[in-house]
Amino acid sequence: MNTPTMSESSLSFHVNGKRVCVKNPDPKTLLGDFLREEMGLKGLQMPCKQGGCGACTVLISFDAAAHANVCSCLMPLCSVDGMHLTTIEGVGSLKTGLSSVQQAIVDYNGTQCGFCTPGMIMSMHGLMLDKSQPTAEEIEDQIDGNLCRCTGYRPIFNAFHSPSCAGSQFICHMNKTNSCRSHAMDIEDISRSLLTRLVISEEDVVWVRALVLKDVYDILRTNSGKRKVRLVRGNTSTGIYPRVDNDVLVDISRVPSLLGSSVCYKGITIGGAVTISDLMLLLKKHSNLSKSYTPIFDHLKRVATPQVRNVGSVAGNLMIAHQHGDFVSDVATILMAAESRLTVCSACLNTSEVTISLEEFFRITMENKVITQIFIPSLPANSHFITKKVALRRINSHPIVNAAFKIQVDPETGLILPGPIIVYGGIRPYPQRAQKTEIELVGKSNMDQKVFGKCLSKLQKELVVDPSFRQTKYRTLLINHFFYCFLLSTYPKDAIPHNHLSGFTQACII
Ligand SMILES: Cc1cc2nc3c(=O)[nH]c(=O)nc-3n(C[C@H](O)[C@H](O)[C@H](O)COP(=O)(O)OP(=O)(O)OC[C@H]3O[C@@H](n4cnc5c(N)ncnc54)[C@H](O)[C@@H]3O)c2cc1C
Ligand code: FES
Ligand code: FES
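In the annotation of an unreviewed UniProt entry, the entry for the protein reads Xanthine dehydrogenase/oxidase, and the organism field reads Cinnamomum micranthum f. kanehirae.

Below is the structure:
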């Protein structure tokens, strides 16, 4: 077996059970292009190349039990070293026989032009590997990231929800010893990618798979001021801001200390390479720990698509927001209101570490720095935490304006305790706190209509939409609307005047 000091310079992975070796790959090559152009697997489509449509969905497997659907249009080829990939060709075909998911699509007329069909089937196939009898809601959530412009979705959903589809057994290529390799080989292959550095050098770009944080710091330090270094976790940011030229790409997706998480009564801590999907699992599992965890989970369900969230990290999202003032980040807005703290380590200052709030994060430079941890504290039981988002579509769409609110009400006096937090995104560069309005709320009753009026006028003066953001009038309306919904959400339901009930309902469903 390879030792940690060894360094590989070629890729080895499996596609539909067959071993593939790639010598001297170009670090800029994307998985989707490789599969289509080099391997001739033309089933996956790449119409948008931005992570937005899901037609390029493939399944990646780390071991026999861990699978994830991803967008092959954003995934760098170098990042799949050691993995097992399944494309639509590996699921079934007319020659080898259709899988039950494919057959259901035929039986229920789930395809018209067929462009979205391979991606839809891959998404459902991925779900069925984990759950042989998914619920209607799980099926709907799973295909959130797959757009269809023909069928209206109903026949696709009916196919996936049909008895002949849900409930059938699926085969994982990693366990299918007769059609691929032995299981022992699988394990060795994955160990290789866990234990060896990978260095792929092309003329203009170098790809390095880091194994420990020290590797990452060394690369940042030695290249500082000389070559442009970019850390790569899921690489999904390139779907929004197409790749700028970088000289060194550092894959941090296999650095164990960045992938860990821990939970205690104080809150949830995740590493700087933990994906949004993995954070969602933690929030769901520990929802009893904090009033904020279920609202954060619900909001994250509306961030990007399952394929993007499966490899896209929380830290990566925050870094996009740090680098691009015009990027309206849901993650930054909700984590700021949840009083999250980031641990940031500088590669150049003797790897010194600071733990900072999100407000501080947006004020400091992040050059040669790594987010190593993100802490999401648990809030006291008498807290109210809600989040809001308006976008062009309910799912799979960037926010126009988002917001998150946190207050604590004294159970005896019914008055708002010190420390409310109000955060808005999409009105100016970077998420904005409404600190004057927060102060105005303290010591007041959240149920006093006069308080609402006073706070609203303060908020309107404090948060003026930057003219560089289009639709300023609409955004201003949303600021008011969200604030109103937030205050209503803190009322007991039976205390809400009849003609205000719709605001309360909206407040509860984001
Ligand atoms: C189609 C689509 C829809 C989306 N919709 C939404 C949405 O509705 N709301 C929303 O908020 N977001 C949305 N996003 C953004 C998405 O959440 C991010 O793309 C994702 O979280 C980025 O994570 P990543 O690991 O892929 O980052 P990468 O692309 O790998 O990296 C992004 C940047 O972060 C840096 N970086 C990564 N990790 C670290 C670290 N630990 N320390 C320091 N720097 C680091 C990298 O150097 C790079 O500059 C969407 C993205 C796509 C593609
Ligand atoms: S091509 Fe549209 S998501 Fe990849
Ligand atoms: S069948 Fe045409 S896009 Fe879905």
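Per the stated rule, a full pass over the model turns up five cavities of 30 Å³ or more. What the largest cavity holds in volume is close to 60 Å³. In this structure, the largest cavity is lined by Gly 325, Phe 327, Val 328, Ser 329, Thr 333, Gly 425, Gly 426, Arg 428, Pro 429, Tyr 430, Pro 431 and Phe 469. Here the residues of the lining of the largest cavity are counted per class, giving six nonpolar, five polar and one charged. Residue-level mapping places the lining of the largest cavity at the junction of two domains, with at least three residues from each of domain 2 (256–377) and domain 3 (383–509).

Lining the immediate environment of ligand 1, one finds 39 residues, of which Arg 233, Thr 236, Ser 237, Ser 313 and Asp 330 sit closest. At 2.6 Å, a side-chain N or O of Thr 236 approaches an oxygen atom of ligand 1. For ligand 1, an oxygen atom lies 3.2 Å from a polar atom in the backbone of Ser 397. In isolation ligand 1 exposes 990 Å². Once the protein is present, 97% of that is buried. When contributions to the shell around ligand 1 are tallied by element, the ones reaching two or more residues are strand 9 (229–232), helix 12 (306–311), helix 13 (314–323), helix 14 (330–337) and strand 15 (369–377). Tallying contributions element by element places helix 13 first for the shell around ligand 1, with six residues. Per-class residue counts for the shell around ligand 1 are 17 nonpolar, 16 polar and six charged.

What follows is about the side chain of Asn 16. Structurally, Asn 16 can be placed in the loop between strand 2 (10–15) and strand 3 (18–23). Only 2.8 Å separates the side chain of Asn 16 from the backbone nitrogen of Thr 87, close enough to count as a polar contact.

Strand order in the open sheet formed by five strands is 3-2-6-4-5, with mixed pairing between adjacent strands. In this open sheet, the two strands that pair with only one neighbour each are strand 3 and strand 5 (66–71). Between one strand and the next, the sheet's axes are offset by a mean angle of 30°, whatever the strand orientation. Bridge analysis of strand 2 against strand 3 gives six bridges, and the strand direction is antiparallel. Note that in strand 3 the partner of Val 15 across the bridge is Lys 18. The sheet contacts of helix 4 (residues 117–130) involve strand 4 (57–63), strand 5 and strand 6 (84–86), and relative to strand 4 the element is tilted by about 25°.

So, about the UniProt feature "domain: FAD-binding PCMH-type" (unreviewed entry) in the protein. As recorded in UniProt, the sites labelled "domain: FAD-binding PCMH-type" (unreviewed entry) are residues 200–381. Across residues 200–381 one finds 34% helix and 24% strand; the C-alpha atoms that close the span lie 51 Å apart.

This part covers helix 8 (residues 213–223). Looking at helix 8, one finds that the buried residues are Leu 213, Asp 215, Val 216, Tyr 217, Ile 219, Leu 220 and Asn 223. Of the residues trailing helix 8, Gly 225 is marked for its positive phi of about 80°.

Here we come to the nonpolar core. Soluble, globular proteins show a tendency: their nonpolar side chains are buried together. The biggest cluster of nonpolar side chains holds 42 residues, and the ones touching the most others in it are Leu 300, Leu 318, Leu 342, Phe 361, Ile 371 and Ile 374. When residues of this core are assigned to domains, at least three map to each of domain 2 (256–377) and domain 3 (383–509). If we ignore the near neighbours within four places in the chain, the residues touching Leu 342 are Leu 318, Val 354, Thr 355, Ile 356, Leu 358, Phe 361, Ile 371, Gln 373 and Ile 374. In this structure, Leu 44, Ile 60, Leu 77 and Leu 198 belong to the second largest nonpolar core, which totals 33 residues.

Time to look at the pairing of strand 18 (residues 421–425). For strand 18, the buried fraction is high: five of the five residues fall into the buried class. Here strand 18 shows a buried face lined by Ile 421, Val 423 and Gly 425 and a second buried face lined by Ile 422 and Tyr 424. The sheet contact formed by strand 17 (residues 399–408) and strand 18 spans five bridges and is antiparallel. Looking at the pairing, Ala 403 lines up with Tyr 424 of strand 18.

Let us look at the sheet that holds strand 18. Whether parallel or antiparallel, the strands of a sheet pair through hydrogen bonds between backbone atoms. One open sheet holds the four strands; their spatial order is 16-17-18-19, and the pairing between them is antiparallel. Of all the strands in the sheet, the pair left with one neighbour each is strand 16 (383–391) and strand 19 (432–433). Across the face of the sheet, helix 14 comes into contact with strand 16, strand 17, strand 18 and strand 19 while running at roughly 10° to strand 17.

This next bit is on the packing of helix 11 (residues 293–300) against helix 14. It is the contact of helix 11 with helix 14, at a shortest axis distance of 11 Å, that shows an interaxial angle of 175°. Between helix 11 and helix 14, the angle falls in the class roughly antiparallel. Between helix 11 and helix 14, the residues in contact are Ile 296, His 299 and Leu 300 and Asp 330, Val 331 and Ile 334, respectively. Of the residues contributing to the contact of helix 11 with helix 14, the split by class is four nonpolar, one polar and one charged.

The rules we used
Residues take numbers from 1 onward in each chain, read along the sequence in its written order. Chains and ligands are labelled by the order in which they are written, letters from A for the one and numbers from 1 for the other. Where totals are concerned, whole chains, interfaces and linings use all residues; where local detail is concerned, this predicted model gives features only for residues with pLDDT of at least 70, and gives and counts side-chain atom pairs only at 80 or more. Calculated side-chain values reflect all of the structure's heavy atoms, with hydrogen atoms and water omitted. Both cavities and pockets are sets of points on a 1 Å grid over the protein atoms alone; in a cavity a 1.4 Å probe fits but cannot get out, in a pocket the set is open with protein on both sides within 12 Å along at least five of seven lines, and lining residues sit with an atom within 4 Å of a point. Grid points are joined across faces, edges and corners, and a volume is the space filled by probe spheres set on the points. In this count, Pro and Cys sit with the nonpolar residues alongside Ala, Val, Leu, Ile, Met, Phe, Trp and Tyr, while Asp, Glu, Lys and Arg are called charged and the others, Gly among them, polar. Each domain span listed reflects an automatic or database assignment of domains. We call a residue near a given molecule or strand whenever any one of its heavy atoms falls within 4 Å of it. Side-chain atoms alone can form a polar contact between residues adjacent in sequence; in general such a contact is a pair of N or O atoms within 3.5 Å, and within protein one must be able to donate a hydrogen while the other accepts it. Reported accessibility uses the Shrake-Rupley method at a 1.4 Å probe radius. Residues are deemed covered only where the shown protein chains occlude them. Numbering of helices and strands starts at the N terminus; helices are DSSP runs of H or I of at least 4 residues and strands are runs of E of at least 2. DSSP bridges decide pairing: two strands pair if at least two such bridges lie between them. Lines are fitted to the C-alpha atoms to define the axes, a helix being fitted only along its stretch in contact, and any angle between axes, read from their N-to-C directions, falls within 0 to 180 degrees. The contact rule is simple, with two residues in contact once any of their heavy atoms fall within 4.5 Å. UniProt positions are given in the numbering used here, feature names are shortened, and annotations may be inferred rather than shown by experiment. Burial classes follow relative accessibility: with a 1.4 Å probe on protein chains only, a residue under 20% of its type's maximum area counts as buried, one over 50% as exposed, and anything between as partly exposed. What is meant by a nonpolar core is a set of buried Ala, Val, Leu, Ile, Met, Phe, Trp, Tyr and Cys residues, joined one to another through side-chain atoms within 4.5 Å. Any angle between 65 and 115 degrees counts as roughly perpendicular, while under 35 counts as roughly parallel, over 145 as roughly antiparallel, and the rest as oblique.

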